[in-house]
Amino acid sequence: MMSTDKNQNPEQIARDKIDTMLREAGWLVQSKNEVDLGASRGVAVREYQAASGFADYVLFVNRKPVGIIEAKKEDEGHKLTAAEDQAVEYANAKLKYLNNDPLPFVFESTGIVTRFRDLRDPKPRGRNIFWFYKPETLAEWLQKDKSLRARLLSIPSLNEAELRPAQIKAIKNLEVSFKKNRPKALIQMATGAGKTFTAATFVYRLLEHAKANRILFLVDTKNLGEQAEQEFMAFQPNESNRKFTELYNVQRLTSSYIASDSQVCISTIQRMYAILKGEELDEHAEDNNPNESTWMEQQRGKRQALPVEYNPKVPIEQFDFIVIDECHRSIYNLWKQVLDYFDAFLIGLTATPDKRTFGFFEENVVSEYTYEESVVDGVNVPYDVYTIETEISQKGSTIQAGWFVDRRDKLTRKTRWQQEDEDTDYTRNDLDKKVVNPSQIRTIIRAFKRALQTEIFPNRKDENGEYEVPKTLVFAKTDSHADDIIKIIREEFDERDDFCKKLTYKIQEDPKSVLNRFRNSYYPRIAVTVDMIATGTDVKPLEVLLFMRDVKSNNYFEQMKGRGTRTINHDSLQMVSRTARAKTHFIIVDAVGVTKSKKTDSRPLERKPTVALKDLLGAITMGVAEEDLFLSLANRLIRLEKEITEKEKEKLLEYSKGKSLKQISKELLSAFDKDEIEIKALSIMEATPVHDRTPLLIEQAHQEAQQQLIETAASTFNGKLNDYIEKVRQEHDQIIDSHNIDTVTKSEWDTTSVDKARVLVQGFGEYLEANKDEIQALSIFYKQPYNRRNVTFKMIKEVFDKLKLDKPTLAPHYLWEAYSQLEEVKSKQPIDELTALISLIRRACGIDNELRAFDKTIEDNFNKWIFKQHTGNHNRFSPEQMDWLRELKNHVVNSYHIEIDDLDYTPFDEKGGRGKMYQLFGAEMIQIIEELNEVLAA
């Protein structure tokens, strides 16, 4: 127990705190006069005599001295760095009775601030630590030849096979950062560029070559944790012929248990916080990320800390490295305390850093790889924007007095028919909250369907002539809004339930199952989400994002866009989208102005925005103990208690452990009420005589009393209660406006997309011009029109391969879409990219005045030639000769040129080959082949 003597001096108070810290970490603290080194594995001896004086503490492990602690009083925390020389002097000194080597482990501490250095490091450098290490840890460190930081210097050079240039750069620079002993490092890598694969690669190298003990992979939602686990399970290091999980144990934490043999732990930051607190985590706490939390936003910049205390079951040295996925998010707010607890290198991964991200990682950005760079490299695909605007989406409308309307209960969705007493004006911001206008949703969906089939992806009909909707993700405002959208999509597309599914954490069906089907199966074609796959989750076949909700956070919007950027190979895409040729780009369909609305990195504090109730509930459930939070939530619940029905109050008791809203509010207020704390403190001290109640004891009783009151108030809240409160808080009724019929005011490519298309087409022309002397086929197209007859499949393939290598963004199918935005393209886009490329080259070179499918050009040229041959000589070619000529024409469609030798192969060999053609055409055979090559390629 810590001494409660009120006459203690500051030095003694500091040493009492240090004693407590050491004991909790597993050390036996002894005075110099009562030394018994065999009493425990780890013994800390106070005031031990050394050659240069008395060391405040000498640490013994297995009876051998291993380190020293230099103690300072609390108000000398700023002087700890000045105490370094003295501490090192003691570490290098001979201890009384012992002929010891210099001690490797050196600490300076006030009991509040503690610093540590390992003198075995290549360049020993002190760092702040949350607590002292366990004796077992120091024993384990000493058994190894070198310290971790020394082992980092000997990591071998990277095997670059199967890694992209951006991944190679990130890993190499990160390892340089480790070797320089930088505690934090940031990797900025575009969504879809392989962040997790990069992480798995350097995690493997840290375990294999630096012999790291355990690595933590932190995420902030459960589905990101599951996705990371899948990636580690699938990962095979290029240095090994075995899977990662065959070499190392990977554990995704689903409880407070951390296996002793797990080398990679995957956890949400919420769960890790609960583990440190010694609490069980509510099952819903991992579902939502705190990215858009208004409470979290308001806490930015405030001096506050979560009450994370030392947990002997999870010592500070539990992890050597912590990888923080999507680190642009919540780490700067409440969860920062979790990261500060562990003595580990921190590696941040994000596609969308902001100033706070750079600040937190001490501006140590080891690699930057932007979305724009990833598109140029062909790692990700670009996007175009298609805009849909409607009258009511822009201006809202009015429900007039006297109209009969449905009013729908938000919770039960039960409707009642009533006549309105007065006019109700509603704005665009009221839509799908106060008022639902089915015509507004239907008008958007109809415009979306029309645009899909005629402008966005017009060439998606299957062999039966049925249009195949590309995989589409719709972002909705709320669960209720999502339900309305799904109903109307199924009706307007005349499809079954499987065609369009809701994808949120709250659906009856297993969300993981729906997500897997959306990713890997034909159905659903369209998924509607509110929260679940807005960020992080990988659905590679996605080709369309339909925004029916606005987003104010720039980072969040960038992450949402990132759902569409993923590349996917042709075969994998065709497994789920049979009519898709290649994923060369994706489309954002903007039905709410999301691409034009003002975005911010964070909400400015001075505006004091209203905190969403769900954010207050989420923060308190996770153990935040801020007075502002408790008072704000109590105030909201007091108001809510007056608004809800008796039936709703009864239902609430099922989730609140029998507590009413009044009782819950009272407990929240009591936690920061001085009188209530005083009463509770007196009951705690009841057994202590009044004359023994020292100021320190009274202060401790007050702290304990408040902590108990806080825990009592917070323990009521859980995912189900929070969800119910959030639902009943909302206006009970939504007016269903079936009177005002909406109309489309705009349905077109966004001007930026048109500009982008123009730049793309111009860039293609410039690329051809720049390479016309170097590439044989281009030289012929530009300079030798009479030689076009000699352009072969091999020549076009050369152009295609070089284009793909130099300019992945100039993919033929994407270029075709770009031309379609700028001019009327009557021809259907060819399935084959090489065939499309010839058409594009002919258009860019000016051979054709409009973009035409090359097979159509050949067909037209062939028909003109036949017509010319038959003019004045009606029966020049017999039916059998005509069949042969059509085969020659079809061969040119696929191979661009025909040689005499081609007659020896399929399909001509089955018809008798060159011998048969000579039999049919005689001496004219060679002339006809040359003539067709010339005419068809004209």
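Since this is a predicted model, take the numbers as computed values, not measurements.

Asker: What exactly am I supposed to notice about the sheet that holds strand E15 (residues 383-390) here?
Answerer: Adjacent strands of a sheet form backbone hydrogen bonds with each other and so pair up, either parallel or antiparallel. A sheet is described by the order of its strands in space; here 7 strands give the open sequence E22-E23-E21-E24-E25-E15-E27, paired in mixed fashion. Among the strands making up the open sheet, the edge pair consists of strand E22 (500-502) and strand E27 (744-749). Across the sheet, the mean angle separating the axes of adjacent strands is 20° when strand polarity is ignored. In this structure, E22 lies alongside strand E23 (residues 526-529), joined through 3 bridges in parallel fashion. Its bridge partner lying in E23, Cys500 is registered against Ile526. Sheet strands touched by helix H16 (residues 479-492): strand E21 (472-475), E22 and E23. Its angle to E22, the strand with the most contacts, is close to 170°. Sheet strands touched by helix H17 (residues 511-520): E21, E22 and E23. Its angle to E22, the strand with the most contacts, is close to 145°.

Asker: How do you make sense of the sheet that holds strand E17 (residues 404-409) when you look at a structure like this?
Answerer: Ordered by their spatial adjacency, 4 strands build an open sheet running E18-E17-E26-E20, and the pairing between neighbours is mixed. Each edge of the sheet is formed by a strand with only one pairing partner; in this case those strands are strand E18 (415-419) and strand E20 (435-436). Relative to E18, E17 is paired through 5 bridges, and the arrangement is antiparallel. The residue bridging Arg407 from the neighbouring strand is Arg416, located in E18.

Asker: Mind showing me how you'd approach unusual backbone geometry here?
Answerer: Most peptide bonds take the trans form, and the phi angle of most residues other than glycine is negative. Residue Pro524 is reached from Tyr523 by a cis peptide bond, and omega for that bond is 0°. Tracing the sequence through the fold places Pro524 in the loop between H17 and E23. If you check the backbone angles, Glu162 has positive phi at about 70° while not being a glycine. In this structure, Asp432 is a non-glycine residue whose phi angle is positive, near 70°. Residue position: Asp432 is located in the loop between strand E19 (424-426) and E20. With relative accessibility at 3%, the residue Asp432 sits in the buried group.

Asker: When you look at the environment of Thr454 in this model, what are you seeing that I'm missing?
Answerer: Turning to its location among the elements, Thr454 is positioned in helix H15 (residues 438-456). For the pair Thr454 and Arg63, spaced 391 residues apart in the sequence, the C-alpha separation amounts to 82 Å.

Asker: Sorry, what's going on with the packing of H15 against H16 here?
Answerer: In a pair of packed helices, the angle between the axes and the distance between the axes together describe the arrangement. It is at 10 Å that the axes of H15 and H16 come closest, and there the two elements cross at 50°. Classified by the angle their axes make, H15 and H16 are oblique. Our pair here, H15 against H16, has a crossing hand that is right-handed. Together, Pro438, Ile441, Arg442, Ile445, Arg446 and Lys449 of H15 and His481, Asp484, Ile485, Lys487, Ile488, Ile489, Glu491 and Glu492 of H16 make up the contact between the two elements. Across the contact of H15 with H16, the residue classes break down as 6 nonpolar, 1 polar and 7 charged.

Asker: When you look at helix H34 (residues 913-921) in this model, what are you seeing that I'm missing?
Answerer: Each α-helix winds once per 3.6 residues, and so residues spaced three or four apart point in a common direction. Gly913, Met917, Leu920 and Phe921 are the residues of H34 that are buried. Buried residues of H34, viewed axially, fall in a sector of 75°; they line one side. Of the surrounding elements, those touching the buried residues of H34 are helix H33 (879-895) and helix H35 (925-936).

Asker: Can you help me understand the nonpolar core in this one?
Answerer: Nonpolar side chains in soluble globular proteins tend to be buried together. One finds Phe764, Ile796, Leu885, Leu888, Met917 and Phe921 to be the most contacted residues of the largest nonpolar core, which totals 57 residues. Sequence-distant contacts of Ile796, that is, excluding residues within four places in its chain, are made with Ala777, Phe781, Val791, Leu834, Leu837, Ile838 and Tyr896. Ile69, Phe107, Ala285 and Leu346 belong to the second largest nonpolar core, which has 55 residues in total.

Asker: Explanation requested: the pairing of strand E4 (residues 64-71) in the structure shown.
Answerer: Working note: regular strand, side chains alternate between the two faces of the sheet. By the criterion of burial, E4 is predominantly enclosed, with 7 of the 8 residues buried. In the sheet, strand E3 (residues 53-61) pairs with E4 via 5 bridges, with the strands oriented antiparallel. Bridging from a neighbouring strand, Tyr57 pairs with Ile69 of E4. Hairpin remark: E3 followed by E4, antiparallel, with 2 residues in the connecting loop; positive phi at Asn62, about 55°. One ladder, built from 5 bridges, connects E4 with strand E5 (residues 105-109); its direction is parallel. Each residue of the ladder has a partner; that of Gly67, found in E5, is Phe105.

Asker: I tried to follow the environment of Arg63 on my own but got confused; where do I start?
Answerer: Summarising the element assignment, Arg63 is placed in the loop between E3 and E4. With a relative accessible area of 55%, Arg63 lands in the exposed category. For the pair Arg63 and Ser40, spaced 23 residues apart in sequence, the C-alpha to C-alpha distance is 8.7 Å. Look past the residues within four positions of Arg63 in its chain and what remains in contact with it is Leu37 and Gly38.

Asker: Hey, could you run me through the confidence of the model for the chain in this one?
Answerer: Reading fine detail from the predicted coordinates is not recommended where pLDDT is low. Looking at the chain, pLDDT values average 87 and 92% of them are 70 or higher. Confidence over residues 299-305 falls short of pLDDT 50; this stretch has 13 contacts with residues more than four positions distant or in other chains. Taken as a whole, residues 602-609 scores under 50 in pLDDT and shows 14 contacts with residues more than four places along the chain or in a different chain.

Asker: I keep staring at the environment of Ala161 and nothing clicks. Help me out?
Answerer: Note on placement: Ala161 falls in the loop between helix H4 (148-152) and helix H5 (165-179). With 76 residues separating them in the primary sequence, Ala161 and Pro237 have C-alpha atoms 9.9 Å apart.

Asker: Which parts of the structure should I look at to understand the pattern of salt bridges?
Answerer: Pairs can form between side chains of opposite charge once their charged atoms are near each other. A full pass over the atoms with the stated rule returns 57 salt bridges. As a salt-bridge pair, Glu934 and Arg789 come within 3.0 Å of each other at their nearest N and O atoms. Residue Glu934 is located in helix H35, and its partner Arg789 is located in the loop between helix H28 (776-783) and helix H29 (793-806); the two are separated by 145 residues in the primary sequence. A residue is classified by how much of its surface remains accessible, and Glu934, at 42% relative accessible area, is partly exposed. A relative accessible area of 25% means that Arg789 is categorised as partly exposed.

Criteria and thresholds
Residues numbered from 1 in each chain as written. Predicted model: local features only at pLDDT ≥ 70, side-chain atom pairs only at ≥ 80, totals over all residues. Heavy atoms only, no water. Pairing = 2+ DSSP bridges. Helix = DSSP H or I, 4+ residues; strand = E, 2+ residues; numbered from the N terminus. Axes fitted to C-alpha atoms, helices over the stretch in contact; angles between N-to-C directions. Contact = heavy atoms within 4.5 Å. Buried < 20%, exposed > 50% of the residue type's maximum accessible area, 1.4 Å probe, protein only. Parallel < 35°, antiparallel > 145°, perpendicular 65-115°, else oblique. Left-handed = near helix turned anticlockwise from the far one by under 90°. Nonpolar A, V, L, I, M, F, W, Y, C, P; charged D, E, K, R; others polar. Arc of directions from axis to C-beta. Core = buried A, V, L, I, M, F, W, Y, C linked by side-chain atoms within 4.5 Å. pLDDT = per-residue confidence, 0-100. Salt bridge = Lys/Arg side-chain N within 4 Å of Asp/Glu carboxyl O.

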